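These are the residues of each chain, in order.
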Amino acid sequence: NHPTLILDVMGADLGIAEMLRGAALAVRKRTNGPFSLVIVSAEPDETRRLAEELLAPDADQAGIDWRIETAEDVLPGEFTTPVDMYKKYPRSSIRVAMNVAKETPDSAVISPGTTGLVMTASRSCSTGNPSPSTGTSSTCSTPVGTRTSTASAWMPPVTSIPSPGPRTGSAPRR
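Draft legend 1. Quick peek at the nonpolar core. Counting residues in each nonpolar core, the largest one holds 43 residues, and the members touching the most others are I6, V9, L20, L37, I39, L55 and W66. With seven residues, helix α1 (residues 16-29) is the single largest residue contributor to this core. Not counting chain neighbours up to four residues away, the residues in contact with V9 comprise I16, M19, L20, I39, V40, S41 and T47.

Draft legend 2. Just helix α5 (residues 93-103), in detail. Of all eleven residues in α5, eight are buried, a share of seventy percent or more. Among the residues making up α5, those that are buried are S93, I94, R95, V96, A97, M98, V100 and A101.

Draft legend 3. Here's a closer look at the packing of α5 against helix α6 (residues 115-123). α6 packs onto α5 with a crossing angle of 35° between their chain directions and a minimal axis gap of 9 Å. Considering the relative orientation of α5 and α6, their crossing is right-handed. Along its contact with α5, which presents I94, R95 and M98, the element α6 presents L117, V118, A121 and S122. For the contact of α5 with α6, the class distribution of residues is five nonpolar, one polar and one charged.

Draft legend 4. How the structure looks around the side chain of S122. Its place among the elements puts S122 in helix α6. Residue class for S122 comes out buried when judged on its relative accessible area of 1%. Polar contacts involving the side chain of S122 include one to the main-chain carbonyl oxygen of M119, which spans 3.0 Å.

So, how was this worked out
Residues numbered from 1 in each chain as written. Predicted model: local features only at pLDDT ≥ 70, side-chain atom pairs only at ≥ 80, totals over all residues. Heavy atoms only, no water. Core = buried A, V, L, I, M, F, W, Y, C linked by side-chain atoms within 4.5 Å. Buried < 20%, exposed > 50% of the residue type's maximum accessible area, 1.4 Å probe, protein only. Helix = DSSP H or I, 4+ residues; strand = E, 2+ residues; numbered from the N terminus. Contact = heavy atoms within 4.5 Å. Axes fitted to C-alpha atoms, helices over the stretch in contact; angles between N-to-C directions. Left-handed = near helix turned anticlockwise from the far one by under 90°. Nonpolar A, V, L, I, M, F, W, Y, C, P; charged D, E, K, R; others polar. Polar contact = N/O pair within 3.5 Å; in protein donor to acceptor, adjacent residues only side chain to side chain.

Structure, rendered in structure tokens:
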């Protein structure tokens, strides 16, 4: 079994294509062997088209299995609290990604979604799998840049990626 990277591509400032370019770069730069990739999107047709173009050539060459999971709920551009959004949108990309992580041993989630919603979803989704380092159950996700349980054995060191700058307007966050 290979570790699994679960990539929520919704809500990124630079769009789905940029998230998939990042995934292709991760495939090319991997140093610890193959992994599986689950892409979560509320726009599965567009995501598949872009993934076939931007990711598939590198993934196929590297023997990386990948698939797309559909998120049926799209979050509004503005909302009151992360807990409200968590409750109102059970099939949002963030929740779908966390649910996949809950069911997948040796997995990690990457999401460009709002920190509050990512943390809310991760805290409510215990894997039930004991952590090798502590012997206790771990949560599905932690803030970006934090390494936990078995993910640290296969994930490369986290590096900072410069932000393109502040968001403007009210484009929908998914």
